Protein chains: 2
Amino acid sequence: MSTDRILLAHGDGGQLMADLIAQVFVARLGAGDPPGDDAAQFAASGRLAFTTDAFVVDPIFFPGGDIGRLAICGTVNDLATAGARPLAISASFILEEGLLLSDLERIADSVARAADESKVRVVTGDTKVVPRGKADKLYISTSGVGEVPQGVSLSGANAQPGDIVLISGPVGDHGLAVLSQREGFEFESGIVSDCAPLAGMVEELLAAAPGVRALRDPTRGGLATALNEIARQSQVEIEIVESEVPVRPAVAAACELLGLDPLYAANEGKMVMIVPSDEADLALAVLRRHVYGVEAAAIGEVTKRAPGRVLLRTALGAHRILDRHVGEQLPRIC
Amino acid sequence: MSTDRILLAHGDGGQLMADLIAQVFVARLGAGDPPGDDAAQFAASGRLAFTTDAFVVDPIFFPGGDIGRLAICGTVNDLATAGARPLAISASFILEEGLLLSDLERIADSVARAADESKVRVVTGDTKVVPRGKADKLYISTSGVGEVPQGVSLSGANAQPGDIVLISGPVGDHGLAVLSQREGFEFESGIVSDCAPLAGMVEELLAAAPGVRALRDPTRGGLATALNEIARQSQVEIEIVESEVPVRPAVAAACELLGLDPLYAANEGKMVMIVPSDEADLALAVLRRHVYGVEAAAIGEVTKRAPGRVLLRTALGAHRILDRHVGEQLPRIC
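Residues numbered from 1 in each chain as written. Chains lettered and ligands numbered in written order. Predicted model: local features only at pLDDT ≥ 70, side-chain atom pairs only at ≥ 80, totals over all residues. Heavy atoms only, no water.

1. A few points about the packing of helix 6 (residues 199-208) of chain B against helix 9 (residues 280-289) of chain B
Residues and elements named next belong to chain B. Note the threshold: Note on geometry: axes are C-alpha line fits, over the in-contact stretch for helices, and angles between N-to-C directions span 0 to 180 degrees. Working definition: helices are DSSP H or I runs of at least four residues, strands are E runs of at least two. Numbering for both runs from the N terminus. Roughly parallel refers to an angle under 35 degrees, roughly antiparallel to one over 145, roughly perpendicular to one between 65 and 115, and oblique to any angle outside these ranges. Left-handed describes a crossing whose near helix is turned anticlockwise from the far helix through less than a right angle; right-handed describes the clockwise counterpart. A contact between two residues is defined here by any heavy atoms of the two lying within 4.5 Å. Think of it as three bins: nonpolar holds Ala, Val, Leu, Ile, Met, Phe, Trp, Tyr, Cys and Pro, charged holds Asp, Glu, Lys and Arg, and polar takes everything else, Gly as well.
The contact between helix 6 and helix 9 brings their axes to 9 Å, and the two run at 150°. In terms of orientation, helix 6 and helix 9 fall into the roughly antiparallel class. Considering the relative orientation of helix 6 and helix 9, their crossing is right-handed. Of the residues in helix 9, those touching helix 6 at Met201, Glu204, Leu205 and Ala208 are Leu282, Ala283, Val286 and Leu287. Tallied by class, residues from the contact of helix 6 with helix 9 come to seven nonpolar, no polar and one charged.

Set out below in C-alpha cells:
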C-alpha cells in the first residue's frame, strides 16, 4: 500500500509500520543497536544526566527551525545545563492520521541534522498514530542520556552572592518567531528562532571557567522564569539590568505589537549562566568566540538581599520585581 | 487560581505550571535529583539499555489498568527484553485542555504504584498542554535507562535452530480488555488487561537459565508480530503449535465476536522467550513460580527450514504462515 499521508494502520505494529520506520527513520537515523531490538544498548560509566521533554509547537515549521530540530536541541540543551556530554537520545512520535509523509520526512531530516551537529545519535524510538483530530500533525517526545565529566557539579541551587549572571545572546527570538508565524507576519518581522544545540559551547565554557555554578536554558517562561527558578533554588536574590539584556530590535518591536515582554518569551538556543565574578570576563570571552555565543552579555549579579526574588533595574534606575508570571496564555511555543 | 480542570496556562512555564507539577507529580513521584534542575543525575556503569515509548491508549482507564500503569510497565518491559535492571524512568505528559485534574491525579497515582512495584523511580519529566481538540485527554511518553548485568547479551538476533519458544501466559488480554471497553461490553466479557511490570520475573529467569537467547514483549501486533521480528532478525523459522498457545476462553470468545485473531492482539504483561532446549524445563518451572508467569507455556520451536518465516501448526495438523499483518486497524491500543 503506497500513500503520501499517514494512515491509522501505520501505527498498528504491522507491515506498514515496519515499512514507515525503515523508510523515514532508519534511513536517516540508522537502526538501533542492536538493530531491531526494543532497547538500545551502549557503554557508560560515572555520573549520568537524564532528561525528557515533549514538543507540541504550533506551527511545526517556523522561521529558523521545525519541531524536529527543536526536539533534539531541547534535549541536548537540558543535558548541557548539567554540563553533560550527550551519549544517546530517544525519540517517540505521535502522528495525526492524515499527516503528510513529506512533512514527516522533512522533520526526520531535521532530527538527523541536529543530532549530527550535537554529536549524538538517536538510538531508539517509537511511533504511534492517532485518528484525525486527536493530535495536531505531530508531537515528539525526546529523552537524552549524557555523561557528566568528573568534577562537574552544576545546579540551580549553587548560585552565591557576588556571582555574575551571563546570557549567551539576545532573548525572545524563538517565542517571537513562532508567534509572528502564527499571526501571519513572519516575513515582515524577519525574526528567526534561535533553536540551536549548545553542548559544544558549554563544553568550551566549562573547560575555560571550571568554577561555573549553574546553567539553565530559558525556554518556556523565558529569562525571567529561569532566573526565578535559580533564585528560589539557591535562596538568593538576582538583580539584572534592563539595558544590559540583549533584545533584537525586531523582537522588541514584535513584543510591543503583541503586548508581550521579551524577558518572558521562550528561547531555544540560549543559556543563562551563573559564574563566580573572577571567571566572568574569561567566560564571556570564550562564549563570544563560539558561533552560538557571539552576542553573550553580562546582565546582572547575585545578591543576598531578598532570597528568592528577581529584580530588574530599569533604564530609569527604578527597580521592578520580575515574578513568575501567572496565567499568561502562549500555548504550544515549544 | 483554583480549578478542577487543566487550563492552557498550566503549560506555559509560569506559576500555575509550577503549582501543578508540585501538586500532582512531585507529591507522588518525588522531586528530581537535584530537585528543580532540568536534568536528573544518577550513577551508572557498564552496559546500559535505553528505550522509549509513547502511550495514546483509548480509553485512558480500562479494566486492569490505565495509561499511567501502561506507560511504566511498557518501558520497564522493554528494558527487561535486554535483561536490564531499570535504573531511572522519564515521563513527559501531553495534556488536553479541559482534562479533569482528578483524572490526572489518578493516573499519577498509577504511575507511582507501577514504578514502586518495578523498583524504579521517575526521576525527570515534562508537562505540555494543548488546546481542546488537539489531543484526547492525555498522552504519555516514557523512557527508561537500565543496567545490563555483566554476561547478559540478549537479542532477537540470537535465536538458534533447536531452541524452544516460551510464552509467560495467555495472549490477547490487554488488546481485548481495551477493545471490549471501547465497544461497551467490558462487564459481560470480564476480560482484564494483563498490564504488569516484568523486570523481576526476567531477573529470576536469567538467574536460573543464563542461556536464554532472546526476550520480546508482544505488545502492538501481538505474539505473531513478535515472533516474526525474531525470525527475521535471527534468520530462522519459528514454528508454534496452536493448541499450546494459552488463550483465555473469554478472550477467544471476544475475538470471535470482533473478528480478531488473539495471536495478533496486544499484550502488556507477557514475555516471549527463546531458550536453548536444555534450559526450557527449568525456565518454565521458574516462570510458573512467579506471579506473572503462573500460566507460562512452551509453544513451539526454532528450526532452520525457511529463514524469516513463522509457521502455525493448527489443531488439525495443517500449517499456516503467520505473517506480519498489513493494514489492520486497531488504533490506540497502547
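From this point, the narrative continues.
2. Concerning the pairing of strand 9 (residues 237-241) of chain B
Residues and elements named next belong to chain B. This is how it is decided: Residue burial is assigned from relative accessible area. The probe radius is 1.4 Å, only protein chains are included, and a residue is buried under 20% of its type maximum, exposed over 50%, and partly exposed in between. In this analysis, strands are considered paired if DSSP registers two or more bridges between them.
In terms of residue burial, strand 9 counts as a mostly covered element, since five of its five residues are buried. Burial along strand 9 is two-sided: the face carrying Glu237, Glu239 and Val241 and the face carrying Ile238 and Ile240 are both buried. Where strand 9 lies against strand 11 (residues 297-303), four bridges are found, and the strand directions are antiparallel. Bridged to Glu237 within strand 11 is Thr303. Note: strand 9 against strand 12 (residues 310-313), four bridges, orientation parallel.

3. A few points about the relation of the copies chain B and chain A
How we decide: When the copies are superposed, the least-squares fit takes in the C-alpha atoms of residues with a pLDDT of at least 70 in both.
Overlay of chain B on chain A (RMSD 0.0 Å): rotation 180°, translation along the axis 0.0 Å. Taken together, the rotation angle and the small translation identify this as a two-fold axis. When each C-alpha of chain B is compared by its distance to the rotation axis, B:Ser45 comes out closest, at 1.9 Å. Residue by residue, 100% of the interface of chain B is reproduced at the interface of chain A, so both copies engage with the same surface.

4. A few points about the sheet that holds strand 6 (residues 138-148) of chain A
Read from one edge of the open sheet, eight strands run 5(A)-4(A)-6(A)-1(A)-1(B)-6(B)-4(B)-5(B), paired in mixed fashion. Of all strands in the sheet, those bounded by a partner on one side alone are strand 5 (122-130) of chain A together with strand 5 (122-130) of chain B. For this sheet the average axis-to-axis angle between neighbouring strands, irrespective of direction, equals 20°. Where strand 1 (residues 40-55) of chain A and strand 1 (residues 40-55) of chain B come together, eleven bridges link them in antiparallel fashion. The residue of strand 1 of chain B that forms the bridge with A:Ala40 is B:Phe50.

5. Overview of the side chain of A:Ser141
The cut-off we apply is this: Polar contacts here mean pairs of N or O atoms no more than 3.5 Å apart (in protein, one a potential hydrogen donor and the other a potential acceptor; neighbouring residues in sequence count only if both atoms are side-chain atoms).
Within the secondary structure, A:Ser141 is located in strand 6. Here the side chain of A:Ser141 touches B:Ser92 through a polar contact of 2.9 Å, side chain to side chain.

6. Quick notes on the environment of B:Asp19
With respect to the helices and strands, B:Asp19 occurs in helix 1 (residues 15-29). Sequence separation between B:Asp19 and B:Pro210 is 191 residues, and the spatial gap between their C-alpha atoms is 48 Å.

7. Section: the interface of chain B and chain A
Our working definition: Summed over both partners, buried area is the accessible surface (1.4 Å probe) that two parts give up on being assembled. We count a salt bridge whenever a side-chain nitrogen from Lys or Arg sits within 4 Å of a carboxyl oxygen from Asp or Glu.
Facing 79 residues of chain B, the contacting portion of chain A comprises 79 residues. Both faces considered, chain B and chain A share a buried interface measuring about 6300 Å² in area, 52% of it formed by carbon and sulfur atoms. Counting every contact that joins chain B to chain A gives six salt bridges. A:Arg220 serves as the salt-bridge partner of B:Asp126, at 2.8 Å between the closest nitrogen and oxygen. Remark: the boundary between chain B and chain A carries 42 residue pairs in polar contact (both at pLDDT 80 or more).

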